[in-house]
Amino acid sequence: MFVPESLLAVYCVLIMTASVSGGWLPSLVRMTHLRTQLLMSFVAGLMLGIAMLHLLPHSMHKISSASHAGGGVLIGIITMFILLRAFHTHVHGHAESHEHDHAHGHDHGHSHDHEHSHRHDHDHSSHEHQDNESQSPKSHRLSSKPLGWLGMLFGLGLHTLMDGVALAASIAAEAQHSPWLGLAGLGTFMAIALHKPLDAFAITSVMSKGGWTSAQRTMVNLTFSVACPIGAIAFYFGATQLSNTDALLGWGLALSAGFFVCIALSDLLPEVAFHDHDRLKLTTALLLGVALAVGIESLPGHNHSILPPTHPTQPETLLDEDVIVSSAT
C-alpha cells in the first residue's frame, strides 16, 4: 500500500545523501567550468520543466484559480530573487579554482599570466577584471573573507527549506492521483536531488579557499544537508493537519514553481549574458533536462485537470419555468 509519509522519508534520505556527496566533490572530482555548466544546464532544464508542467498545473488544480496560482508563482520568483540578491547564493559556475575557470578551452582571444596582474578585455559586454587579489570574481571575494561562506550557507539553507516545501507539497498533491509505481512527486524530487550537490559544492569550495579544515567543511556540509528534510517534514505534517489543506497545498505548489523558475534562470542567464562558448553543448544539456521533465510528467497518474464550474441542471430550470408560468396564470 502506498504511504506518502514513507515515500517522503525515502526522498529526504536520498536528498541528504546527494547533498553530502556534492560537498565532497572538490576532493573527489575535478569539477571544471564546462562540467559544472553542463550539469547546471541539465538541472535547470529539469527544474523549468517541473515548474511549468507539474507544480503550476497542480497548484491551479488545488486553488481552482489561474490568477491566484499566477500570483503565487510571481511571489515565489520575487522572494527567491531577493534571497539570491541578498546572500549571493548561486556562484556555482565560479566556485572552482581560478585556474580551472580559464583552462577549460574557451576561446576568449587572449592569454593568461597568473604570475602578475593584468587586465582582460572580453568581447562580451566590455566585462573587465583582473587576476590579482584586489579585483577578482565573486567567489574569490567571498573566499577572501574568513566567514564569507556563512552568508552563502544561510541563503542556500533558506532556499533549501523552500525546496523541502516544494517536495512535500508535490507528494501530498500527487498522492491523490495514483502516481506511477506510487512515486508521487518524482519530478520534484529529482530536480532537488540533482541540484543540492551543486549548492553543497559551492559552500565547501568557498570554505576550502578560506582555509577551513576538512572536518569543519564536513560538519557544515552535514548541517546543510538536513535543511531540505526539515522544510519538507514541517510543511507536510503542518499542511495535512489543517482543515483547508487543498488551498495551502495549492499556494505551496505555486510558490515552489516560482522558486524553481528563479533558481533555474539564475543558473542559466549569467552564462548566456557573459559567455558564448560551448553553446551547443549547454543548450543540448538544457533540452535534455526539459525532455526528462516531459517524460516524467507523461507517466501514468498525472492528472492536472481543473473541474469546470457546476451549472444548474435541466430539471431545476424547468421547475423554475413552471413556477413562473403558474404564478402568471
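Conventions and cut-offs
Residues numbered from 1 in each chain as written. Predicted model: local features only at pLDDT ≥ 70, side-chain atom pairs only at ≥ 80, totals over all residues. Heavy atoms only, no water. Helix = DSSP H or I, 4+ residues; strand = E, 2+ residues; numbered from the N terminus. Contact = heavy atoms within 4.5 Å. Areas by Shrake-Rupley, 256 points an atom, 1.4 Å probe, with all protein chains shown as cover. UniProt positions renumbered as here; feature names shortened; annotations may be inferred. pLDDT = per-residue confidence, 0-100. Core = buried A, V, L, I, M, F, W, Y, C linked by side-chain atoms within 4.5 Å. Buried < 20%, exposed > 50% of the residue type's maximum accessible area, 1.4 Å probe, protein only. Axes fitted to C-alpha atoms, helices over the stretch in contact; angles between N-to-C directions. Parallel < 35°, antiparallel > 145°, perpendicular 65-115°, else oblique. Left-handed = near helix turned anticlockwise from the far one by under 90°. Nonpolar A, V, L, I, M, F, W, Y, C, P; charged D, E, K, R; others polar. Polar contact = N/O pair within 3.5 Å; in protein donor to acceptor, adjacent residues only side chain to side chain.

## Things to note about the overall build of the protein
1) Next: The number of helices and strands found in the protein is 13 helices and 2 strands.
2) Next: Intrachain contacts of the protein at a sequence separation of at least 6 include 82% that bridge at least 24 residues.
3) Next: Accessible surface computed for the protein: about 16000 Å², of which carbon and sulfur atoms make up 66%.

## Considering the UniProt feature "transmembrane region" (unreviewed entry) in the protein
1) Next: Using the residue numbers shown here, the UniProt feature "transmembrane region" (unreviewed entry) corresponds to residues 6–26, 38–56, 68–87, 147–173, 179–198, 219–237 and 249–270.
2) Next: Note that residues 68–87 is 100% helix and 0% strand, and that its end C-alpha atoms are spaced 29 Å apart.

## Describing the confidence of the model for the protein
1) Next: Averaged over every residue, the pLDDT of the protein is 75; the share at 70 or more is 70%.
2) Next: Long-range and interchain partners of residues 93–146, a stretch whose pLDDT sits below 50, account for 88 contacts in this model, where long-range means more than four residues apart.
3) Next: Note on residues 307–329: pLDDT is under 50 here. Beyond four places in sequence and across chains, it has 0 contacts.

## What to know about the nonpolar core
1) Next: Judged by nonpolar contacts, the single largest core of 50 residues is most densely connected at Met80, Leu167 and Phe260.
2) Next: Top element by residues in this core is helix 11 (residues 245–274). It accounts for 11 residues.
3) Next: Setting aside chain neighbours within four positions, we find Phe260 in contact with Met47, Ile50, Ala51, Leu55, Asp163, Ala166, Thr188, Ala191 and Ile192.
4) Next: Ranked by size, the runner-up nonpolar core spans 10 residues in total, among them Leu153, Leu156, Ala200 and Phe224.

## Side note on the environment of Pro179
1) Next: Mapped onto the secondary structure, Pro179 falls in the loop between helix 7 (148–174) and helix 8 (186–209).
2) Next: Separated by 121 residues in sequence, Pro179 and Pro300 have C-alpha atoms that sit 6.4 Å apart.

## Overview of unusual backbone geometry
1) Next: Within the chain, Ser64 stands out as a residue other than glycine whose phi angle is a positive 60°.
2) Next: Assignment of secondary structure puts Ser64 in the loop between helix 3 (33–63) and helix 4 (66–87).

## Focus on the packing of helix 1 (residues 4–23) against helix 9 (residues 214–225)
1) Next: Put simply, helix 1 and helix 9 touch, their axes get as near as 9 Å, and they point 150° apart. Considering their axes alone, helix 1 and helix 9 lie roughly antiparallel with respect to each other. Taken as a pair, helix 1 and helix 9 cross one another with a handedness that is right-handed. Contact residues: helix 1 offers Met16, Ser19, Val20 and Gly23, while helix 9 offers Asn221, Leu222, Phe224 and Ser225.
2) Next: The residue makeup of the contact of helix 1 with helix 9, split by class, is 4 nonpolar, 4 polar and no charged.

## Here we look at the environment of Ser21
1) Next: Summarising the element assignment, Ser21 is placed in helix 1.
2) Next: In this structure Ser21 comes out as partly exposed when scored by relative accessible area, which is 35%.
3) Next: Along the sequence, Ser21 and Pro197 sit 176 residues apart, while their C-alpha atoms lie 6.5 Å from each other.
4) Next: A polar contact is formed between the side chain of Ser21 and the backbone oxygen of Thr17, at a distance of 2.8 Å.

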